[in-house]
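Understanding the architecture of this molecule
Here is what each chain is made of, one letter per residue.
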Amino acid sequence: NMFDFKGMFKWLFWWWSNSNDVEDQLDAHSRFSYVSNFTSMMENTNLNAFSDAYKIKDYESAYEQIEDSVEEFNEVIRDLKEEEPDEDLWNDMSLVKAALKYFETVKGMIPDLKKVVDAAKAGDQATADKLLDEWNAKEAELTDEWNKVLDEFIEKHNVPWESPM
């Protein structure tokens, strides 16, 4: 990850101008960074490339994207399993657990997208649409569960909603 020095100086300036207690700001920043690490993981690990290929009926590419996604999800899961408890956050591992649950469950669902492509490729759009709707509904439920844990975590640890830059 490229470190953003300009951003860092803005941060430092913000701490000094806003707080006598630099440590509080550092803590808030560290909690914010911890959480944004997870939120960007959720945003960046997505199936947009699959959706794009599927929408333009490029089925070969859609199959490839499914394979790539499984690999990508495996990488994220590996990283999550290596996460260490963070003392700043009272060793609260609930976000790690929730993220793992999300990624492992969705990874298990990704092969079902092949059935969607199979149906569409065979010209059975009705089945393809039905399967995709069911898939999306399941994924949306998992995302809601994740968001609930995220909200509770943010509240419990008093994490700032945005980086004060």
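Residues numbered from 1 in each chain as written. Predicted model: local features only at pLDDT ≥ 70, side-chain atom pairs only at ≥ 80, totals over all residues. Heavy atoms only, no water.

**Quick notes on a negative patch on the surface**
The grouping of Asp 58, Glu 64, Asp 68, Glu 71, Glu 72, Glu 75, Asp 79, Glu 82 and Glu 84 at the surface amounts to a negative patch. Position of Glu 84 relative to the elements: it lies in the loop between helix 4 (59-81) and helix 5 (94-109). A relative accessible area of 60% means that Glu 84 is categorised as exposed. (Patch = residues over 30% accessible without salt bridge, like charges linked within 9 Å, V, L, I, M, F, W, Y side chains within 5 Å. Areas by Shrake-Rupley, 256 points an atom, 1.4 Å probe, with all protein chains shown as cover. Salt bridge = Lys/Arg side-chain N within 4 Å of Asp/Glu carboxyl O. Lys, Arg positive; Asp, Glu negative; His and termini not counted. Charge placed at Lys NZ, Arg CZ, Asp CG, Glu CD. Helix = DSSP H or I, 4+ residues; strand = E, 2+ residues; numbered from the N terminus. Buried < 20%, exposed > 50% of the residue type's maximum accessible area, 1.4 Å probe, protein only.)

**Quick look at the pattern of salt bridges**
One pass over the full model with this rule turns up seven salt bridges. A salt bridge links Lys 121 to Glu 60; the nearest nitrogen and oxygen atoms lie 3.1 Å apart. Within this pair, whereas Lys 121 is found in helix 6 (residues 112-121), its partner Glu 60 is found in helix 4, the two being separated by 61 residues in sequence. On the basis of relative accessible area, Lys 121 is assigned to the partly exposed category, the value being 47%.

**Here's the deal with the confidence of the model for the chain**
Here the chain averages 86 in pLDDT, and 84% of its residues register 70 or above. Helix 1 (residues 5-18) is the least confidently modelled element of the chain, averaging 55 in pLDDT, while helix 6 averages 98, the highest of any element. (pLDDT = per-residue confidence, 0-100.)

**Let's talk about the layout of surface pockets**
Of the volumes computed, that of the second largest pocket is approximately 400 Å³. The wall of the second largest pocket is formed by 22 residues, among which Asn 46, Leu 47, Tyr 102, Glu 139 and Thr 143 lie closest to the centre. Looking at which element gives the most residues to the lining of the second largest pocket, the answer is helix 7 (residues 125-156), with eight residues. Counted by class, the lining of the second largest pocket contains eleven nonpolar, eight polar and three charged residues. (1 Å grid on protein atoms, 1.4 Å probe; cavity = no way out; pocket = protein on both sides within 12 Å on 5 of 7 lines; lining within 4 Å. Points joined across faces, edges and corners; volume = space filled by probe spheres on them. Nonpolar A, V, L, I, M, F, W, Y, C, P; charged D, E, K, R; others polar.)

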